[in-house]
Amino acid sequence: MRRSEVLAEESIVCLQKALIHLREIWELIGIPEEQRLQRTEVVKKHIKEEKETTVLQLEKDLRTQVELLRKQKKERKQELNLLQEQDQELCEILCMPTYDVDSTSVPTLEELNLFRQHVATLRETKESRHEQFVSIKKQIILCMEELEHTPDTSFEKDIVCEDESAFCLSLENIATLQKLLQQLEIKKSKNEAECEGLRAQIQELWDRLQIPEEEREPVAAIMTGSKAKVRNALQLEVDRLEELKMQNIKQVIETIRVELAQFWDQCFYSKEQRQAFAPYYSEDYTENLLHLHDAEIIRLRNYYEVHKELFEGVQKWEESWKLFLEFERKASDPSRFTNRGGNLLKEEKERAKLQKTLPKLEEELKARIEKWEQEQSMAFMVNGQKFMEYVTEQWELHRLEKEKAKQERQLKNKRQTEAEMLYGSAPRTPSKRPGLTPNKPGKVRKMNTTTMSSATPNSSIRPAFGGTMYRSPVSRLPPSGSKSVITSMCSGKKTPRAARLRANKENMELNGSMLSARTFKGFQS
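Worth saying up front: this structure is predicted, and the values here are computed from it rather than measured.

Rules used in this analysis
Residues numbered from 1 in each chain as written. Predicted model: local features only at pLDDT ≥ 70, side-chain atom pairs only at ≥ 80, totals over all residues. Heavy atoms only, no water. Core = buried A, V, L, I, M, F, W, Y, C linked by side-chain atoms within 4.5 Å. Buried < 20%, exposed > 50% of the residue type's maximum accessible area, 1.4 Å probe, protein only. Helix = DSSP H or I, 4+ residues; strand = E, 2+ residues; numbered from the N terminus. Salt bridge = Lys/Arg side-chain N within 4 Å of Asp/Glu carboxyl O. Expected span 1.5 Å × (residues − 1). Contact = heavy atoms within 4.5 Å. 1 Å grid on protein atoms, 1.4 Å probe; cavity = no way out; pocket = protein on both sides within 12 Å on 5 of 7 lines; lining within 4 Å. Points joined across faces, edges and corners; volume = space filled by probe spheres on them. Nonpolar A, V, L, I, M, F, W, Y, C, P; charged D, E, K, R; others polar. Phe/Tyr/Trp six-rings, centres within 6.5 Å; stacked < 30°, edge-to-face > 60°. Lys, Arg positive; Asp, Glu negative; His and termini not counted. Polar contact = N/O pair within 3.5 Å; in protein donor to acceptor, adjacent residues only side chain to side chain. UniProt positions renumbered as here; feature names shortened; annotations may be inferred.

With respect to the nonpolar core
Here comes step 1: Within the largest apolar cluster, 48 residues are counted, with the highest numbers of intra-cluster contacts made by Leu-234, Leu-241, Phe-311, Trp-317, Phe-380, Val-382 and Phe-387.
Here comes step 2: Taken together, the elements giving at least two residues each to this core come down to helix H6 (171-209), helix H8 (228-247), helix H9 (249-266), helix H11 (287-331), helix H12 (343-376) and helix H13 (387-423).
Here comes step 3: Here this core takes 13 residues from H11, the largest share from any one element.
Here comes step 4: Judged by nonpolar contacts, the second largest core, of 26 residues, contains Ile-93, Phe-133, Leu-147 and Leu-177.

Shown next, in the form of structure tokens:
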């Protein structure tokens, strides 16, 4: 065999070995079948004679590809190891299992991409839980300081004392953190409520005992906060005031009774309901009586709070009702037409508005009360009766008052008409008429003691010379026979016959009222 043939056979053997080794590398690094076919096609193109590629060049190209694949293998293994390290660290912090991946084989690009996404998700989870941990830790520390609580369990010590980065951010630990915070907040809220109750009790005792302001000022420092020392100081003040209260039982009971009366008014208690609390009227000021008053005021406060919304609605109706009655009273007052400044128009507008809103308010209250009665299975009482019955009664009383006032006016007018028919109309002030000019002051002669203008119609005068002279309702000549005429003091209207008879009957002799001769002389002139 020729040497050239032997060399060609050796080249073919080397090529086969190279292809086999290349396939092994592809298999090792996990190249998919499709990519293997593409790469084999590339090798085939390099081997074809039309490109005039020599065997040596082919070998060189293959070796180059082998080096490239080895480099890719190395890079992928390095990235895989780095991702495994990051996954291990994050899983230890989050207390989670590691990512399942075959570390003996070369990962594919898809496997590496999935691993990267998993590590990125773990990193986001860590950041989220760490922020949550830091926030809860701050709140726990604040609660512990407020409660003056020292960490006593290992878990509490881990939270407060250890480094934040060393804390295991597992879901279980986060849940335990939240539970601890809730427990501390409940305890804090309980202390705050207890302190607020003590402060309210102190304020109530101050008011009942009428403690002066200068004695209250030293306690102002403990009127805020809920720490243990504050709570203890508040309790001491309550104990002191309770002892002082027992020394002033009568004063305290009287103060409570004033408050009871206020709640009775706010709750619209009837007279019978008020009288049902017999201790209110007792004068035996004992400790037992004080306890009964304390229990009753607490019961009334709770009762008012439960019904507060309805009581406020009833109070609003009461105020509107009183305003409505006031407008009704003014509407029947004739003097209201003499006001100035637009008050009448303003009142009419308010009255018209109230006439619309009052029935609407009643309907709203009716619906709310019916709903409340269904929920509570009891009647809502106002002044000892159901509210709508109370409203109906108020309207009926108002109607009766109007009817009574109307009947009184009619009776008054009837009596006045009968009196006028019997005795004539009452004298009225004369009105000025055209053509009737009053006498000038210069032309009226004054008398020495009094003027004739003081005489009233139908009155009688006694002349100086004795006897009685009756004033006629018509003009008469003076006794001297002078032609001057004295105008009658009447209003100008003719007096009815019945009125003249009554006037003559009432002209009784005025004994002892004689005019002097000088006055009579002046009258004649």
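Some words on the pattern of salt bridges
Pairing is possible between side chains that carry opposite charge, provided their charged atoms lie close to one another.
Here comes step 1: According to the stated counting rule, one finds 21 salt bridges in the structure shown.
Here comes step 2: Glu-296 is paired through a salt bridge with Arg-299; the nearest N and O atoms lie 2.7 Å apart. Of the two residues, Glu-296 and Arg-299 both sit in helix H11, 3 residues apart, roughly one turn of that helix.
Here comes step 3: Assessed through its relative accessible area of 11%, Glu-296 is described here as buried.
Here comes step 4: When its relative accessible area of 38% is taken as the criterion, Arg-299 is described as partly exposed.
Here comes step 5: Shared partners join several salt bridges into a network, and the residues in it are Glu-204, Arg-208, Glu-242, Lys-245, Glu-259, Asp-294 and Arg-301.

Focus on H12
Here comes step 1: Here H12 is 34 residues long and its end C-alpha atoms lie 46 Å apart, about the 50 Å a rise of 1.5 Å per residue gives.
Here comes step 2: By the burial criterion, the buried members of H12 are Leu-344, Glu-347, Arg-351, Leu-354, Leu-358, Leu-361, Glu-362, Leu-365, Ile-369 and Trp-372.
Here comes step 3: On the buried face of H12, the contacting elements are H11 and H13.
Here comes step 4: Within two residues after H12, Ser-377 carries a phi angle of roughly 55°, on the positive side.

Structural notes on the layout of surface pockets
Here comes step 1: Taken as a whole, the second largest pocket holds about 490 Å³ of empty space.
Here comes step 2: Secondary structure elements with two or more residues in the lining of the second largest pocket: helix H1 (3-29) and helix H3 (55-94).
Here comes step 3: Taken together, the residues of the lining of the second largest pocket sort by class into 11 nonpolar, 4 polar and 5 charged.

As for the packing of aromatic side chains
Two descriptors summarise a pair of aromatic rings, namely the distance from one centre to the other and the angle between the planes of the rings.
Here comes step 1: One pass over the structure, following the stated rule, counts 16 aromatic pairs.
Here comes step 2: Look at Tyr-99 and Phe-115: their rings are 4.5 Å apart centre to centre, the planes differ by 20°, and that puts the pair in the stacked class. In this pair, Tyr-99 sits in the loop between H3 and helix H4 (109-147) while Phe-115 sits in helix H4, placing the two residues 16 residues apart along the sequence.
Here comes step 3: Here Tyr-99 falls in the partly exposed class, since its relative accessible area comes to 27%.
Here comes step 4: Taken together, the ring pairs in this structure connect Phe-263, Phe-268, Tyr-269, Tyr-303, Tyr-304, Phe-311, Trp-372 and Phe-380 into an aromatic cluster.

Details of the side chain of Asp-87
Here comes step 1: Within the secondary structure layout, Asp-87 lies in helix H3.
Here comes step 2: Although buried, Asp-87 forms no salt bridge, and the nearest oppositely charged side chain, Arg-123, lies 9.4 Å from it.
Here comes step 3: Within the structure, the side chain of Asp-87 is placed 2.7 Å from the backbone nitrogen of Tyr-99, a separation counted as a polar contact.
Here comes step 4: Ignoring sequence-local partners within four residues, the contact set of Asp-87 consists of Thr-98, Tyr-99, Phe-115, His-118, Val-119 and Leu-122.

With respect to the UniProt feature "coiled-coil region" (unreviewed entry) in the chain
Here comes step 1: Mapped onto the present numbering, the UniProt feature "coiled-coil region" (unreviewed entry) falls on residues 55-89 and 174-201.
Here comes step 2: Summarising residues 55-89: 100% helix, 0% strand, and an end-to-end C-alpha distance of 51 Å.
Here comes step 3: End C-alpha atoms of residues 174-201 are separated by 40 Å, and the span's content is 100% helix alongside 0% strand.

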